[in-house]
Amino acid sequence: MTGGIQKQAKRRPVKNKFPFLRVANVGRGRLDLGDVHEVELFEGELERFRLKCGDLLVVEGNGSPDQVGRAATWHGAIKDAVHQNHLIKVRPTSAIDPKFLELLWNSPDIASQLLRVAQSTSGLYTLSTSKLNRVEFALPPLAEQRRIVEALEEQLSRLDSGIATLRLARRRLDGLRKRILVSSVPDELPASWEMATVEEAGTLELGRARHPDWHHGPDMRPYLRVANVFEDRIDTSDVMEMDFFGVWERYRLEPGDVLLNEGQSPHLVGRPAIYRGVPAEVAFTNSLLRFKAGDGVLPEWALLVFRRHLHAKRFMREVRITTNIAHLSAKRLKTVEFPIPPVEVQEQLVQRCEELLSGVAAMEQVVSNGVRRANALRAALLNRAFHGGLVAQPTDDEPASMLLARIAAERAAQPKARRSRKATVEKLAKAPAPRAAPPELLAPEPTAAPALAVQQEFDL
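First, a word on scope: everything that follows refers to the structure included in this document. This one's a predicted model, so the numbers in the text were calculated from it and none came from an experiment.

Attention shifts here to the sheet that holds strand β3 (residues 56-59). The antiparallel open sheet is built from three strands, whose spatial order is β5-β3-β7. This sheet does not close on itself; its edge strands, each paired only once, are β5 (71-73) and β7 (87-90). The sheet shows a mean angle of 25° between the axes of neighbouring strands, direction not considered. Strand direction decides the pairing type here: β3 and β5, joined by three bridges, are antiparallel. Looking at the pairing, Leu56 lines up with Thr73 of β5. Contacts from helix α2 (residues 98-105) reach β3, β5 and β7 within the one sheet, and its direction differs from that of β5 by about 165°.

Below, the discussion takes up the sheet that holds strand β23 (residues 325-327). With respect to topology, three strands assemble into an open sheet ordered β18-β23-β22, the strand pairing being antiparallel. Of all strands in the sheet, those with a lone pairing partner are β18 (263-264) and β22 (320-322), marking the two edges. Pairing of β22 with β23, which is carried by three bridges, proceeds in the antiparallel orientation. By the bridge assignment, Ile321 is partnered in β23 with Ala326.

The tally for this structure, following the rule as stated, stands at 27 salt bridges. A salt bridge links Asp80 to Arg50, with the shortest nitrogen-to-oxygen separation between them at 2.7 Å. In this pair, Asp80 sits in the loop between β5 and β6 (82-83) while Arg50 sits in the loop between α1 (45-49) and β3, placing the two residues 30 residues apart along the sequence. Of the residues examined, Asp80 reaches a relative accessible area of 18% and is grouped as buried. One salt bridge in this structure joins Glu337 and Arg314, with 2.7 Å as the shortest N-O distance. Taken as a pair, Glu337 in strand β24 (residues 337-340) and Arg314 in the loop between α8 (299-311) and β22 lie far apart in primary sequence, 23 residues in all.

Take the nonpolar core next. Grouped together as the largest cluster of nonpolar side chains are 37 residues, with contacts concentrated most on Val198, Phe291, Trp301, Phe306, Phe315, Leu333 and Phe338. Every element with two or more residues in this core is listed here: α5 (142-183), α6 (198-201), β17 (258-261), β21 (288-293), α8, β24 and α10 (343-385). When residues of this core are assigned to their parent elements, the largest contribution, seven residues, is made by α8. With near-sequence residues (within four places) excluded, Leu333 lies in contact with Val198, Leu204, Leu260, Leu289, Phe315 and Leu328.

On to the packing of α2 against α5, then. It is at 9 Å that the axes of α2 and α5 come closest, and there the two elements cross at 60°. Between α2 and α5, the interaxial angle falls into the category oblique. Handedness of the crossing formed by α2 with α5: left-handed. Listed contacts from α5 to Lys99, Phe100 and Leu103 of α2 are Gln145, Ile148, Val149, Leu152, Glu153 and Leu156. By residue class, the composition of the contact of α2 with α5 is six nonpolar, one polar and two charged.

That bond from Val278 to Pro279 is cis: its omega, 0°, falls within 30 degrees of zero. Along the chain, the position of Pro279 falls in the loop between β19 (272-274) and β20 (283-284). Backbone geometry places Asp80, a non-glycine residue, at a positive phi of 55°. A positive phi angle, near 55°, is found at Asp232, a position not held by glycine. With respect to the secondary-structure elements, Asp232 resides in the loop between β14 (229-230) and β15 (233-234). Of the residues examined, Asp232 reaches a relative accessible area of 37% and is grouped as partly exposed.

How each quantity is defined
Within any chain, residue numbers begin from 1 and follow the written order of that chain's sequence. In keeping with the predicted nature of the model, local features appear solely for residues at pLDDT of at least 70, side-chain atom pairs appear and are counted solely at 80 or more, and the whole-chain, interface and lining totals rest on all residues. Hydrogens are left out, water is left out, and the side-chain values use all remaining heavy atoms of the structure. Strand pairing is assigned whenever DSSP detects at least two bridges linking the two strands. The secondary structure listing takes helices from DSSP runs of H or I that are at least 4 residues long and strands from runs of E that are at least 2 residues long, numbered from the N terminus. The convention used is that axes are lines fitted to C-alpha atoms, helices contributing only their stretch in contact, and that angles between N-to-C directions extend from 0 to 180 degrees. When checking whether two residues touch, look at their non-hydrogen atoms; a contact exists if any pair is within 4.5 Å. Here, a salt bridge means any Lys or Arg side-chain nitrogen found within 4 Å of an Asp or Glu carboxyl oxygen. In this scheme, a residue with accessible area under 20% of its type's maximum is buried, one over 50% is exposed, and one in between is partly exposed, where area comes from a 1.4 Å probe on protein chains only. We define the nonpolar core as a collection of buried residues of types Ala, Val, Leu, Ile, Met, Phe, Trp, Tyr and Cys that are connected through side-chain atoms lying within 4.5 Å of one another. For this classification, under 35 degrees means roughly parallel, over 145 means roughly antiparallel, 65 to 115 means roughly perpendicular, and everything else is oblique. Helix crossings get a hand from a simple test, with the near helix turned counterclockwise from the far one by less than a right angle marking a left-handed crossing and a clockwise turn marking a right-handed one. Polar here means any residue outside two lists: the nonpolar Ala, Val, Leu, Ile, Met, Phe, Trp, Tyr, Cys and Pro, and the charged Asp, Glu, Lys and Arg; Gly therefore counts as polar.

Functional significance is not addressed by these values, which are geometric in nature.
Pasting the structure below:
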């Protein structure tokens, strides 16, 4: 088990460039090689860090606890590839099937062990080679490992196919929702409709700016910000407070106010939701715009118009980007078109749209339930496989005790890794060939297997 190379400024790939795998390339049971960086290597480093087929790459740290320790097997897709120091390379012995190790490593049992040993520093969960050495698992005979892999791959391939179908259905439902919203407001208006602007349809205001001086004061009030306002939904799980002394009434929200994100990613700027009185007695900051519907405009109709503009990418034509954040200013939003039908037509269209969207939501719930059941089935399959319940255990397999003896012999036969000197790999050709290990340290040939197959606890 070894760490990798730290990519520093001195390793700019000027010469002696080699493919360099990072955390971003390693998924759970898969490798994404669409964006592989390069790194300069020095003398001895290529042989020390070069990946071999069957190596398991384990993510050393992640801010999300369910992602730390995710791993994938290297199959040699790129010649002379090395790995960074945030990936731990686990090289299995001949006693462990590489695919078996990958499936086992990404199983719930191992994931729970990794989560227990990982430390959280400033929200980052980290592993080390010493922590990975504490991971234990049941080691079946090699022949049984291969039978487990074969059975799991057959079952998991069917499961993956079903999950792919569910994800495709989810994407199609998302597209259907967007089409419903965009088509709810026609491009060509009927004669009874009026084409106005946002400024003519109501009033638009920017919230109060945040300032350190207002973190404490005599009139502390809760306020909403971009992190609270999603499309047609206000999240109240993290509502902050600041002092609104003397300005409370100006920024106080009233039921029916429509809030729009002023600053966001370009495709999310203008994301709207209606304030419906929860949480009570709350204000808003200048990361949000408040629209108050005027006479003859229903708040629900205003929300529908703004959602239509969001998905039709109408707001994106008005944004200005500063420091990688898209902004929709009140001045530019005021000039955006705002169709106004008669009030009774507004009510009918809002009701019809809500009925269609509720149907989409119901279908999405079915899809989500299917994905959850598939994930639960995957966990159950892995749990059963690695507890000896998925395949038969013939008595003529090599017992695990012989397997452990071979592993110990292979470890003893491995030469000690040497520290590399700071020199270019161009000198590798001049370096003497490594000496072979003495005969007494070589792994013994496999012996005849007793007619007994057991599972042993193996300390990796």
